[in-house]
Amino acid sequence: MKNFVVKTIANAGALAVAVWLLDKITLTGDSTAKKAGTLIVVALIFGLVNWLVKPIVKVLTFPLFILTLGLITLVVNALMLLLTSWVCGKLNLSFHVQGFWTAVVGGLIVSVVSWALHVVLPDED
């Protein structure tokens, strides 16, 4: 359970950095507490999308992983971020990613920051 909480917090932090750095990734809210709550819910959705959909997409695009030496991972991460944005829109959450290239850069930022936070944060269960 502790590992799940740590990963969710790391994803929320990574998404917050992407929102802070990129103008076309938006998170709106009335107060800081509401934004933080929305960010935690978005991080949960992002984790769920990565857990359910990403392995299927990786299997289907395996030849492209070999052909591009793994660079297709940037596209897959961007698609997961866009899917998270779409799900958030359907759930009336105030998180939106505008455009594919913004999602590519945002996915790269989320991956790097999430990796760095996982290195720093404890990983015990």
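Just so it is clear, the model here is predicted, and its values are computed rather than measured.

1. Side note on unusual backbone geometry
For Leu69, which is not glycine, the phi torsion reads 55 degrees and is therefore positive. With respect to the helices, strands and loops of the structure, Leu69 is situated in the loop between helix H4 (62–67) and helix H5 (72–90). With relative accessibility at 77%, the residue Leu69 sits in the exposed group. Positive phi values are uncommon outside glycine, yet Asn92 reaches one of about 60 degrees.

2. Considerations on a nonpolar patch on the surface
A cluster of nonpolar residues, Phe4, Val5, Ile9, Ile40 and Leu44, forms a patch on the protein surface that exposes about 420 Å² of accessible area. At the level of elements, helix H1 (2–21) and helix H2 (32–52) are the ones that each hand at least two residues to the nonpolar patch. For the nonpolar patch, the element with the most residues is H1, which contributes 3 residues. With respect to the helices and strands, Ile9 occurs in helix H1.

Parameters and conventions
Residues numbered from 1 in each chain as written. Predicted model: local features only at pLDDT ≥ 70, side-chain atom pairs only at ≥ 80, totals over all residues. Heavy atoms only, no water. Helix = DSSP H or I, 4+ residues; strand = E, 2+ residues; numbered from the N terminus. Buried < 20%, exposed > 50% of the residue type's maximum accessible area, 1.4 Å probe, protein only. Patch = residues over 30% accessible without salt bridge, like charges linked within 9 Å, V, L, I, M, F, W, Y side chains within 5 Å. Areas by Shrake-Rupley, 256 points an atom, 1.4 Å probe, with all protein chains shown as cover. Salt bridge = Lys/Arg side-chain N within 4 Å of Asp/Glu carboxyl O.

Coordinates in, geometry out; function isn't part of it.
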